[in-house]
Amino acid sequence: MDSNHTLIKRLGEQFYCNGKRFSSVYGWKELARWKKLRNSYKGKRVFLIANGPSLNMTPLYLLKDEYTIVFNRFKLMLERLNYQPSFYMIIDNKVILDNTDLIAEFAEKSKLAFVPDILKVEKVSVRDILPKRDNLMYLFQEPMKFSNNLPFFKIGNSVTFGAYQVLKHLGFSEVYVVGNDMNYVVHQTADVVNNVKFESGVVQDIKSTKDDDPNHFDPRYFGKGQTYHQPTAFVTERMFKNLDLVAEEYKKSGVKIVNAGYNSMVQSFPKLDFYEALGYSQVKIDGLFDDLVRSKGLESREWLIEKAVLSEDVWEEDLDVVVAPMEMATAIVKKKVLDYLPLGPYQDKIYFVNRKLIKL
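Computed from a predicted structure; not experimentally measured.

K.L.:
Just checking my understanding: could you explain the pairing of strand β16 (residues 340-346) for this structure?
P.N.:
For a regular strand, side-chain orientation follows a simple rule: the groups alternate between the two sheet faces. Counting buried residues in β16 gives seven out of seven residues, a clear majority hidden from the surface. Bridge analysis of β16 against strand β17 (residues 349-354) gives five bridges, and the strand direction is antiparallel. Bridge pairing in β17 places P342 opposite F352. A loop of two residues connects β16 with β17, the two strands running antiparallel in sequence, and Q347 in this loop sits at a positive phi of about 50 degrees.

Written out as C-alpha cells, the structure is:
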C-alpha cells in the first residue's frame, strides 16, 4: 500500500473520529470520566489473563480474590472458574462486530469494561451497538507508541497492549501476566478473506471454518465462523516489539510487571512461578479448589478425587470423572471440552468432569 495514500487515509479517519467525539458533549464527558478513574487502584496488584493455550495449565481458580482483566472470547473459560473477572477489554474491530452480545454480558457483570468508541475503518460507533452502562469505558484510538493520557490509546496488534496502558492509568503497582504465550502457529484451516499490505509485511483477515483454533485455550475460541487476524510472523514481530515498549514504560513509572505464565516466549518481563507470585498456603489452595468444585454443583474436592479415573491419554468410554497429568491438559481439552468440563490444575493434575454431572 502506498505510504502517502495510507497517511492521507489515516488522517481522514482520525479527523472523522475526533469530529464525531468532540462535536457533542459525549467526548468531553468521557475525558472527565477517565480523569476521575486515574490511580483509582493505586497500590493494588492485578493479574492480566491473556488467552494462550497455557491457561489450560494455569490454576486460574486461585485468582478468585484478586483483581483480574480478561479479553475477547474469555467467556469460554468462565465455566471453569468460580468468579467473575474484575475487568474486561476488547478492541479488535473484527472481534467486536462478531461478539456484541458477549461484550454486553461482560459489561453487565464486570467492574469495568473497556472498548474503543469508534471502529475507524468501518466508521461504526460502538456506543450505538452496545447498551448504555456507567461501567463501560470508551477508548479513543490514536496513532501513538504508548499512551499515558487515556482515553487516547494505541491498539498495537494485540488487545493486551491496550490493557497495559489501561492498567497503568488505573494505578496498579504490580501486574502479573499469565497466558501470554506468544508461540503462535498459522491457523491452517481458516480462510483468508482479506490481505492488507504494508511496506514491511502483510496483515491477513481470516475466517475460521472449524472449531480448531490452535492458538488459544479452547478450540472454539476463534472457532467456526469467527473472523480475526492471522498471527503471521510480521504481526507477531510487532507484538514482541510492543512488549519491549511496555517494559520500558512500566520501568519509567516504577510499576512492577512479571511474567508468571507457563510456556511463554515473552522475554520482555522478568519471570516468576505462578504459585510463588501468589504466595498462597496449601490450605488456601485446597480451599479455593474445593470452592471451585462445589460451585459446579459437585459434592466436594474429596468426592472428586475419589471418583476420578486416571488416564494418560484421550479416553473413549463414557466416564464420570477422569484425572490426567497437567502436561496432557491442552491436548485433552482440544478433544474433550465439549463433553467434559476441565477443572484444575490441582496437585499437577486436571480433572475432567462429565458435563451431565455439572450444575452451572
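K.L.:
Please clarify how the sheet that holds β16 should be interpreted in this entry.
P.N.:
As a general point, the strands of a sheet are linked pairwise by backbone hydrogen bonds and lie either parallel or antiparallel. With mixed pairing, the four strands of this open sheet are ordered in space as β14-β15-β17-β16. Each edge of the open sheet is held by one strand with a lone partner, namely β14 (309-310) and β16. Sheet strands touched by helix α9 (residues 282-295): β16 and β17. Its angle to β16, the strand with the most contacts, is close to 175 degrees. Lying over the sheet, helix α11 (residues 329-336) contacts β15 (321-325), β16 and β17, oriented at roughly 15 degrees with respect to β17.

K.L.:
Would you mind showing me how to read the sheet that holds strand β2 (residues 67-71) here?
P.N.:
In spatial order, the strands read β8-β7-β4-β3-β2-β1-β9-β13; together these eight strands make up an open sheet with parallel pairing. Looking at which strands have only one partner, the edges of the open sheet turn out to be β8 (152-153) and β13 (256-259). Pairing of strand β1 (residues 45-49) with β2, which is carried by three bridges, proceeds in the parallel orientation. From the neighbouring strand, V46 faces β2, where its bridge partner is Y67. Of the strands in this sheet, β2, β3 (87-89), β4 (112-116) and β7 (136-141) are in contact with helix α5 (residues 100-109), which crosses β3 at around 160 degrees.

K.L.:
How should the side chain of N135 be read in this particular structure?
P.N.:
Tracing the chain through its elements places N135 in the loop between β6 (124-125) and β7. Residue class for N135 comes out buried when judged on its relative accessible area of 10%. In terms of polar contacts, N135 uses its side chain to reach the backbone carbonyl oxygen of S110, at 2.9 Å.

K.L.:
How should I be thinking about a negative patch on the surface in this particular structure?
P.N.:
Together, E312, D313, E327 and D348 line one region of the surface with negative charge. Along the chain, D348 turns up in the loop between β16 and β17. By relative accessible area, which is 54% here, D348 ends up exposed.

K.L.:
Could you clarify how one ought to interpret the pairing of β4 in this entry?
P.N.:
For β4, the buried fraction is high: five of the five residues fall into the buried class. Examined bridge by bridge, β3 and β4 share three bridges and lie parallel to one another. Looking across to β4, one finds that F87 is bridged to L112. Where β4 lies against β7, four bridges are found, and the strand directions are parallel. In the sheet register, A113 faces β7, and the bridge partner there is L136.

K.L.:
Explain the pattern of salt bridges to me, please; I cannot follow it from the model alone.
P.N.:
A side chain of one charge can pair with a side chain of the opposite charge when the charged atoms of the two come close. Applying the stated criterion to the full structure yields 17 salt bridges. Sharing partners across several salt bridges, the network here consists of E79, D218, R220 and R355.

Thresholds applied
- Position numbers for residues start from 1 in each chain and track the written sequence from start to end.
- For a predicted model such as this one, the threshold for reporting local features is a pLDDT of at least 70, and the threshold for listing and counting side-chain atom pairs is 80 or more; totals across whole chains, interfaces and linings nevertheless cover every residue.
- Values shown for side chains rest on all heavy atoms present in the structure; no hydrogens or waters enter the calculation.
- Working definition: with a 1.4 Å probe on protein chains only, accessible area under 20% of the residue-type maximum means buried, over 50% means exposed, and in between means partly exposed.
- Every helix listed is a DSSP run of H or I at least four residues long, and every strand listed is a run of E at least two residues long, numbered separately from the N terminus.
- In this description, strands pair whenever DSSP reports at least two bridges between them.
- Note on definitions: a residue-residue contact is assigned when non-hydrogen atoms from the two residues lie within 4.5 Å.
- Throughout, an axis means a line fitted to C-alpha atoms (over the contacting stretch in the case of helices), and angles, computed between N-to-C directions, take values from 0 to 180 degrees.
- Any pair of nitrogen or oxygen atoms within 3.5 Å is treated as a polar contact; in protein, a donor-acceptor pairing is required on top of that, and neighbouring residues in sequence qualify only through side-chain atoms on both sides.
- Within this analysis, patches are made of residues with over 30% relative accessible area and no salt bridge. Like charges are joined at 9 Å or less; nonpolar side chains (Val, Leu, Ile, Met, Phe, Trp, Tyr) at 5 Å or less.
- The Shrake-Rupley method, run with a 1.4 Å probe sphere, supplies the accessible areas, and residue values consider only the shown protein chains as cover.
- Salt bridges, as used here, are contacts in which a Lys or Arg side-chain nitrogen is within 4 Å of a carboxyl oxygen on Asp or Glu.
- Asp and Glu are treated as the negative residues and Lys and Arg as the positive ones, with His and the ends of the chain left uncounted.
- A charge is said to be at NZ when it belongs to Lys, at CZ for Arg, at CG for Asp and at CD for Glu.

The quantities given are spatial measurements derived from coordinates; they are silent on function.
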